[in-house]
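Summary of the model geometry
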Amino acid sequence: MFYYFLYPLAKYHTVFNVFQYITFRTIYAAVTALSLSFVMGPYLIERLRAINVGEVVRTDGPPNHFSKQGTPTMGGAIIILVVIISVLLWGNLSNAYVWLMAFVTAGMGTIGFLDDYSKVVRKKKGGMRARTKFVAQICVASGAALFLYYSRFDTAVTMPFFKNVIVDLRILYVPFVVLVIVGASNAVNLTDGLDGLAIGPMAISSATYMLLAYLAGNVKIADYLHIMYVAKAGELAVFAGAMVGASLGFLWFNAYPAQVFMGDVGSLSLGGALGTLAVITKHEVLLVLIGGIFVVEALSVIFQVGSFKLTGKRVFAMAPIHHHYELKGWPEPKIIVRFWIIAIILALVAISTLKIR
Ligand code: 57M
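Residues numbered from 1 in each chain as written. Predicted model: local features only at pLDDT ≥ 70, side-chain atom pairs only at ≥ 80, totals over all residues. Heavy atoms only, no water.

What follows concerns the environment of Thr 191. Within the element layout of this structure, Thr 191 appears in helix H6 (residues 173-191). A relative accessible area of 0% places Thr 191 in the buried class. The contacts of Thr 191, once residues within four sequence positions are left out, are Leu 197, Ala 198, Ile 293, Phe 294, Glu 297 and His 322. A distance of 2.7 Å separates a polar side-chain atom of Thr 191 from the backbone oxygen of Ala 187. (Helix = DSSP H or I, 4+ residues; strand = E, 2+ residues; numbered from the N terminus. Buried < 20%, exposed > 50% of the residue type's maximum accessible area, 1.4 Å probe, protein only. Contact = heavy atoms within 4.5 Å. Polar contact = N/O pair within 3.5 Å; in protein donor to acceptor, adjacent residues only side chain to side chain.)

The following block contains the structure:
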């Protein structure tokens, strides 16, 4: 909105020129999202508590989680609200990619909301049926994938570390995009099992894609770095900036011991948004590194379930992997902070691939 109303005033005073710059708007999108979280957070958490939206902790989980019973959940709704307000204020709303990001975030958020609602409000054990949830996620991701495909988005995929390996997937790019978005959405959901465990790496990976969006959307820098240039993708730095601010704002309240959980409304939407950022910035494969924590968490579940079904033996004491460390006796904050440290290292290695090719 500021881009429309304030930038045109540049003809009266040059100070209004700043509203055209992506860097300026990105910084203030993050600051706005963070400030809004601080201001609205306590009120909204209180509202969630008042309407009794309390977590139902599973009885088969680690015993130290039983005391978390009743913690307000569905706090992800605050994250989505704050991101949307911040993007409406600071984004260039004539950019189709901004609306595509909003579509996936809101679509996945709605699925998560319905799942949380059936679990927490209607007290349905396990929430929405897993298959229904999965099909709905595929529908949202397919909408985004088909939009990109038919708007002639580049279907070639690059590999980190290898400058000359480019695979053009053509029509197969559609299922590939669905895999990236749905995979990211579910991986973040699986990670969200300790206070701040998902939202910390989410802030770190959003910040990394904020940088990549800016670089990929700038023709000179993209050419210099030999990365794919994606016209208009730079605007997604503003969206990612809002995600960074909202994530840090939510972490304020979700930090151990958590006052609120994000619920599926938060984890599915943020994961979907991260996957979409990876796609539009044309750094799809690099998501494996940038979102490495989410990938490891998802793999731990796949190995555990696979091994248990095939051999009857467990790989981990419990899956996802953060529960394994809990059962080994690591205190919760230690696991969380160590996973954050790993997320930072992975993000730095991912950024280094821009030069190591
Ligand atoms: C849900 N949800 C948290 C909160 C959060 C296929 C299967 C292995 C999948 C997996 C699974 O269902 N995982 C996804 C993770 C839950 O948090 C809620 O859910 C939202 C996110 N979706 O926002 O609303 C609990 O996590 C804790 N929490 C925090 N702090 C936070 O900030 O402490 C969450 C956020 C909360 C709270 O305790 O209640 C969850 O973990 O349930 N399933 C499993 O993970 C299960 N694993 C399993 O069954 N493994 C088997 C193998 C053979 C299949 C085995 O190893 O024996 C375990 N999950 C749990 N207990 N909780 C089993 C035991």
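For the structure shown, the criterion picks out 17 aromatic pairs. On the numbers, 6.1 Å between centres and 10 degrees between planes, the contact of Phe 19 with Trp 90 is stacked. Of this pair, Phe 19 sits in the loop between helix H1 (2-5) and helix H2 (22-50) while Trp 90 sits in helix H3 (residues 76-90), placing them 71 residues apart in sequence. When its relative accessible area of 12% is taken as the criterion, Phe 19 is described as buried. Ring plane angle 40 degrees and centroid distance 5.9 Å describe the contact between Tyr 173 and Phe 176, whose orientation is recorded as tilted. Taken together, the residues Tyr 173 and Phe 176, both in helix H6 and 3 residues apart, mark about one turn of the helix. Using a relative accessible area of 19% as the deciding quantity, one classes Phe 176 as buried. Here a set of aromatic residues connected by ring pairs shows up, and it is made of Phe 2, Phe 19, Phe 24, Tyr 28 and Trp 90. When the ring centre of Trp 330 is taken as reference, the NZ or CZ atom of Arg 338 above it lies at 4.8 Å. (Phe/Tyr/Trp six-rings, centres within 6.5 Å; stacked < 30°, edge-to-face > 60°. Lys NZ or Arg CZ within 6 Å of the ring centre and 35° of its normal.)

As a further point, take a nonpolar patch on the surface. Among the surface-exposed residues, Phe 161, Phe 162, Val 165, Val 167, Val 337, Ile 341, Ile 345, Val 349 and Ile 356 lie close enough to one another that they form a single nonpolar patch of about 740 Å² accessible area. At the level of secondary structure, the elements contributing two or more residues to the nonpolar patch comprise strand E2 (162-168) and helix H14 (332-352). Per-element tally for the nonpolar patch: the top contributor is H14, with 4 residues. Relative to the assigned elements, Ile 356 resides in the segment after H14. (Patch = residues over 30% accessible without salt bridge, like charges linked within 9 Å, V, L, I, M, F, W, Y side chains within 5 Å. Areas by Shrake-Rupley, 256 points an atom, 1.4 Å probe, with all protein chains shown as cover. Salt bridge = Lys/Arg side-chain N within 4 Å of Asp/Glu carboxyl O.)

Another point: the nonpolar core. Residues Tyr 209, Leu 236 and Met 243 are the most contacted members of the largest nonpolar core, which totals 83 residues. Apart from the residues within four sequence positions on either side, Met 243 is in contact with Val 83, Met 101, Met 202, Ser 206, Leu 270, Ala 273, Leu 274 and Leu 277. Residues Leu 197, Ile 204, Ile 321 and Phe 339 belong to the second largest nonpolar core, which totals 11 residues. (Core = buried A, V, L, I, M, F, W, Y, C linked by side-chain atoms within 4.5 Å.)

Below, the discussion takes up the pairing of strand E1 (residues 156-159). Pairing of E1 with E2 involves 4 bridges; the strand directions are antiparallel. Directly across from Val 157, in E2, lies its bridge partner Val 167. As consecutive antiparallel partners, E1 and E2 are separated by 2 residues, and within that stretch Phe 161 has a phi angle of approximately 75 degrees, a positive value. (Pairing = 2+ DSSP bridges.)

As a structural note, the neighbourhood of the ligand is formed by 29 residues, with Asn 189, Asp 192, Gly 263, Asp 264 and Gln 304 the closest of them. Contacts to the ligand include Asp 192, whose side-chain N or O atom sits 2.5 Å from an oxygen atom. Residue Asp 264 places a side-chain N or O atom 2.5 Å away from a nitrogen atom belonging to the ligand. In the complex, the protein chains occlude 82% of the 1100 Å² of accessible area that the ligand would expose alone. Those elements that place two or more of their residues in the shell around the ligand are H6, helix H10 (263-280) and helix H12 (292-311). Of the residues forming the shell around the ligand, the biggest block, 4 residues, is contributed by H12. Partitioning the shell around the ligand into residue classes produces 11 nonpolar, 10 polar and 8 charged. (Near = heavy atom within 4 Å. Nonpolar A, V, L, I, M, F, W, Y, C, P; charged D, E, K, R; others polar.)

What the second largest pocket holds in volume is close to 200 Å³. Forming the boundary of the second largest pocket are 13 residues, of which Leu 48, Ile 51, Met 74, Ala 77 and Phe 113 lie nearest the centre. At the level of elements, H2, H3 and helix H4 (96-121) are the ones that each hand at least two residues to the lining of the second largest pocket. (1 Å grid on protein atoms, 1.4 Å probe; cavity = no way out; pocket = protein on both sides within 12 Å on 5 of 7 lines; lining within 4 Å. Points joined across faces, edges and corners; volume = space filled by probe spheres on them.)

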